[in-house]
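# Inside the fold
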Amino acid sequence: MSRSLLLTLIVLVGALSGCSASTTIRASDPDARIYVNGEYIGTGQARYSDRKVAFSKNEVVLQRPGCQADSHEFHRNEDPDVGAIIGAFLFYVPVLWVTEYKDERAYEYDCMPEGAG
């Protein structure tokens, strides 16, 4: 394999892996359904991943049947992605994925019956 092809493959793999970020979302109620940006991802605890650019916003909704929904949000600006920053510096790649999510986030959810104040 030629040296330039090997270098191209290394840069390509690094660029693609640097785009993705993930976080674990935990609800204090193990029966709470977890939605991120309107999409159901699990109950009680779930892993969320995306390839959004830095500083993008996500909405988390926790809900149980018969209970009021509880909304939260998080942004992709919580931790720097050192690999993406180095890649951007060395290879002049656009700096769109220089941040990541925290590895884990936890939300308190207490079931308030629907219609309760």
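Residues numbered from 1 in each chain as written. Predicted model: local features only at pLDDT ≥ 70, side-chain atom pairs only at ≥ 80, totals over all residues. Heavy atoms only, no water.

## Some details on the sheet that holds strand β2 (residues 33-36)
- Within the open sheet, the four strands sit side by side as β3-β2-β5-β6. Their pairing is antiparallel. Whereas interior strands pair on both sides, the edge strands pair on one side only; in this sheet they are β3 (39-43) and β6 (70-75). Averaged over all adjacent pairs, the angle separating strand axes in this sheet is 25 degrees, with direction ignored. (Pairing = 2+ DSSP bridges. Helix = DSSP H or I, 4+ residues; strand = E, 2+ residues; numbered from the N terminus. Axes fitted to C-alpha atoms, helices over the stretch in contact; angles between N-to-C directions.)

## With respect to the pattern of salt bridges
- Taken as a whole and assessed by the stated rule, the structure comprises five salt bridges.
- Here Arg64 and Asp29 are joined by a salt bridge, their closest N and O atoms 2.9 Å apart. Of this pair, Arg64 sits in the loop between β5 (57-63) and β6 while Asp29 sits in the loop between β1 (21-27) and β2, placing them 35 residues apart in sequence.
- On the basis of relative accessibility, which here comes to 11%, the residue Asp29 falls in the buried class.
- Linking Asp103 and Arg47 is a salt bridge whose minimum nitrogen-to-oxygen distance equals 3.6 Å. With Asp103 in the loop between β8 (99-100) and β9 (104-107) and Arg47 in strand β4 (residues 45-50), the pair connects residues that are 56 residues apart, well separated along the chain.
- For Asp103, a relative accessible area of 54% gives the class exposed.
- Of the residues examined, Arg47 reaches a relative accessible area of 44% and is grouped as partly exposed. (Salt bridge = Lys/Arg side-chain N within 4 Å of Asp/Glu carboxyl O. Buried < 20%, exposed > 50% of the residue type's maximum accessible area, 1.4 Å probe, protein only.)

Remember that the coordinates give geometry; whether it matters functionally is a separate question.
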